[in-house]
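Report on the structure
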Amino acid sequence: MTKQQKSEVIDFLTGEFKESQAIVVCDYKGLSHKELEELRNDARTNGTKVQVAKNSLVTISVKNAELGDIELNGTNIFLWSEDQISACKVADKFATANKDKFEIKSGIIEGQIADLATVNAFAKLPSRDELLGMLAATWMAPVTNFTIGLDALRKQKEEEAA
């Protein structure tokens, strides 16, 4: 890569990392091109971005984004998203399906270096959409229960009248 290309990659990743809430670092040694495409497609549908980049460029980008110092070695693929959960879920799901070839190493969640256990814990949390559904169900519960009660009263009145 030329200096210009390296600079462009660093600028791109710095901008992306500043906007993201979670960055997951994974080892992808042994994955085929088809399997990497599956990962990218799954990530795209879940609002997560995926890129393979040189460790030195990512280290500089993380520092430029003021997310601390991260030590990287080996072959790495990076997943990041605007929320804390999406990137962790995508990485965890793919790691489960490809245990021999794909491994979560570490991450950065909300500006803090996170280990494998932390990334896995975030992967187990419900997604934003699931949380919104749970909140809507909670808000609708009183109305639902009220209408069920009114319907039961109406049926009781009909039975008494008959």
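Residues numbered from 1 in each chain as written. Predicted model: local features only at pLDDT ≥ 70, side-chain atom pairs only at ≥ 80, totals over all residues. Heavy atoms only, no water.

**Brief notes about the nonpolar core**
Val24, Cys26, Leu39, Ile77, Leu79 and Phe102 are the most contacted members of the largest nonpolar core, which has 23 residues in total. Those elements that provide at least two residues to this core are strand E1 (22-27), helix H2 (33-45), strand E3 (76-81), helix H4 (86-97), strand E4 (103-109) and helix H5 (116-124). In this structure Val24 touches Ile77, Phe78, Leu79, Ala87, Cys88, Ala91, Ile104, Ser106, Gly107 and Val119, once residues within four positions along its chain are discounted. The next biggest cluster of nonpolar side chains, apart from the first, holds 17 residues, and it includes Phe17, Ile23, Ile70 and Ile108. (Core = buried A, V, L, I, M, F, W, Y, C linked by side-chain atoms within 4.5 Å. Buried < 20%, exposed > 50% of the residue type's maximum accessible area, 1.4 Å probe, protein only. Helix = DSSP H or I, 4+ residues; strand = E, 2+ residues; numbered from the N terminus. Contact = heavy atoms within 4.5 Å.)

**Topic: the pairing of E4**
Summarising burial for E4: five of the seven residues are buried, a large majority. Bridging between E4 and strand E5 (residues 112-114) involves three bridges; their strand directions are antiparallel. Across the sheet, the residue bridging to Ile109 is Gln112, located in E5. Between E4 and E5, which pair antiparallel in sequence order, lie two residues; one of them, Glu110, sits at a positive phi of approximately 50°. (Pairing = 2+ DSSP bridges.)

**Side note on the packing of aromatic side chains**
The final tally for this structure, using the stated rule, is two aromatic pairs. Look at Phe94 and Phe102: their rings are 4.9 Å apart centre to centre, the planes differ by 90°, and that puts the pair in the edge-to-face class. Neither Phe94 nor Phe102 differs from the other in exposure class; each is buried. (Phe/Tyr/Trp six-rings, centres within 6.5 Å; stacked < 30°, edge-to-face > 60°.)

**Some points on the pattern of salt bridges**
Within the structure shown, the criterion is met by eight salt bridges. Measuring nitrogen to oxygen at the nearest pair gives 2.8 Å for the salt bridge that ties Glu16 to Lys49. Of the two residues, Glu16 sits in helix H1 (residues 3-19) while Lys49 sits in strand E2 (residues 48-52), which places them 33 residues apart along the sequence. Residue class for Lys49 comes out partly exposed when judged on its relative accessible area of 40%. Of the charged contacts in the structure, one is a salt bridge between Lys124 and Asp92, with a shortest N-O distance of 3.2 Å. Here Lys124, found in helix H5, pairs with Asp92, found in helix H4; they are 32 residues apart in sequence, far enough to count as distant. If you follow the salt bridges from partner to partner, you end up with Asp151, Arg154, Lys155 and Glu158 in one network. (Salt bridge = Lys/Arg side-chain N within 4 Å of Asp/Glu carboxyl O.)

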